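Each chain, letter by letter, is given below.
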Amino acid sequence: MRVVLVGDSHLTETSPRRPTTKLPPRLRRCGLDVVVVAAGGADSRVVLHQQIPGDADWALFSVGTNDAAPWKSVDLDEFAANCDRILVNAGAKNRLVLGPGPVVERGVTGERTNKRLAAYTAVLQRAAVVHSALFVPMTDLLDDSDLADDGVHLNDSGYRKLANRILVELEIRP
């Protein structure tokens, strides 16, 4: 089964600053053919241009975390339009959309907040429903203990939980 990972750093191949086993190697260990087109720092504007191979059985999307970053701040209406276009153009037989994960709030001005991420999650969930894609809210799956020291990216525990949930959604035994 070919699975394409589309979106931001949650789905990239490696973590240059963190010794973490990310999602692609975990899925490959289960026999999946994994193609990664995701890129660190990608927001929905960038994800619109990530190319999904036409022979994909599944496309998995992670988008929203960077859109909600105050230094990017993609407006919710634009984010909704981008998500619609991303899912319309997906080209895969099946689609699974991951809602943004939680963040550790440190009370520092200019950081992401869980309240702001919740607004992007709601938009993304609506887009997933409209386009008949599965939706997994990472805030229901992960907590602060599943996050790396930066309070945004996942650690090994987070990736283990995420991989197990994805395998369940794809109906593959972990």
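Quick caveat: nothing in here was measured; it's all calculated off a predicted structure.

Procedures and definitions
Residues numbered from 1 in each chain as written. Predicted model: local features only at pLDDT ≥ 70, side-chain atom pairs only at ≥ 80, totals over all residues. Heavy atoms only, no water. Helix = DSSP H or I, 4+ residues; strand = E, 2+ residues; numbered from the N terminus. Expected span 1.5 Å × (residues − 1). Buried < 20%, exposed > 50% of the residue type's maximum accessible area, 1.4 Å probe, protein only. Contact = heavy atoms within 4.5 Å. Polar contact = N/O pair within 3.5 Å; in protein donor to acceptor, adjacent residues only side chain to side chain. Salt bridge = Lys/Arg side-chain N within 4 Å of Asp/Glu carboxyl O. Core = buried A, V, L, I, M, F, W, Y, C linked by side-chain atoms within 4.5 Å. Pairing = 2+ DSSP bridges. Right-handed = clockwise from strand over helix to strand, strands pointing away. Axes fitted to C-alpha atoms, helices over the stretch in contact; angles between N-to-C directions.

Asks: It is not clear to me how helix α6 (residues 156-169) should be interpreted in this structure. Could you clarify?
Replies: Residue pairs three or four apart in sequence face the same way in an α-helix, which turns once every 3.6 residues. Spanning 14 residues, α6 covers 20 Å between terminal C-alpha atoms, matching the ideal 20 Å at 1.5 Å per step. Within α6 the residues assigned to the buried category are Ser 157, Gly 158, Tyr 159, Leu 162, Ala 163, Ile 166 and Leu 167. Those residues of α6 that are buried are in contact with α1 (23-28), β3 (58-62), β4 (94-99) and α5 (138-141). At the N-terminal boundary of α6, the capping side chain belongs to Asn 155, with an oxygen 3.0 Å from the backbone nitrogen of Ser 157. Within two residues after α6, Glu 171 carries a phi angle of roughly 60 degrees, on the positive side.

Asks: Teacher, can you tell me more about the pattern of salt bridges here?
Replies: Side-chain pairs of opposite charge can arise where the charged atoms are in close proximity. A complete count under the given rule lists eight salt bridges for this structure. Across the pair Lys 93 and Asp 57 runs a salt bridge whose closest N-O atoms are separated by 3.3 Å. Placement of the pair is Lys 93 in the loop between α3 (76-88) and β4 and Asp 57 in the loop between α2 (44-47) and β3, with a sequence separation of 36 residues. Residue classification places Lys 93 among the exposed residues on the basis of a relative accessible area of 64%. One connected set of salt bridges, linked through shared partners, spans Arg 2, Asp 33 and Asp 55.

Asks: Would you mind going over the nonpolar core with me for this structure?
Replies: One recurring pattern in soluble globular proteins is that nonpolar side chains are buried together. Core analysis: the largest hydrophobic core is formed by 29 residues, its most contacted members being Ile 52, Phe 61, Phe 79, Val 97 and Leu 124. Mapped by element, the contributors of at least two residues to this core are β1 (2-7), β3, α3 and α4 (114-130). Considering every element that reaches this core, the biggest residue donor is α4, with six residues. Apart from the residues lying within four places of it in its own chain, the contact partners of Val 97 are Phe 61, Leu 87, Leu 124, Ala 128, Ala 133, Leu 134, Phe 135 and Val 136. Grouped together as the second largest cluster of nonpolar side chains are 25 residues, Trp 58, Leu 142, Leu 147 and Ile 172 included.

Asks: Got a minute to help me understand the side chain of Gln 50 in this structure?
Replies: Considering the arrangement of structural elements, one finds Gln 50 in the loop between α2 and β3. The class of Gln 50 is buried, set by a relative accessible area of 12%. Here the side chain of Gln 50 touches Val 37 through a polar contact of 3.4 Å, landing on its backbone oxygen. Sequence-distant contacts of Gln 50, defined by excluding residues within four places in its chain, comprise Val 6, Gly 7, Val 37, Ala 38, Ala 39 and Ala 42.

Asks: Help me out: how do you make sense of the pairing of β3 in this one?
Replies: Sheet faces and side chains relate simply in a regular strand, where the side chains alternate between the two faces. With five of its five residues buried, β3 lies for the most part within the structure. By the alternation rule, side chains of β3 split into Trp 58, Leu 60 and Ser 62 and Ala 59 and Phe 61, which are all buried. Note that β3 and β4 share five bridges and pair parallel. Residue pairing in the sheet places Ala 59 in a bridge with Arg 95 of β4. Once you follow β3 into α3 and on to β4, the crossover reads as right-handed.

Asks: Whenever I open this one, the sheet that holds β1 confuses me. Can you help?
Replies: Whether parallel or antiparallel, the strands of a sheet pair through hydrogen bonds between backbone atoms. Reading across the sheet, the five strands line up as β2-β1-β3-β4-β5 and stay open at both edges, with parallel pairing between neighbours. Unpaired on one side and paired on the other, β2 (33-36) and β5 (134-137) mark the two borders of the sheet. The sheet shows a mean angle of 20 degrees between the axes of neighbouring strands, taken without regard to direction.

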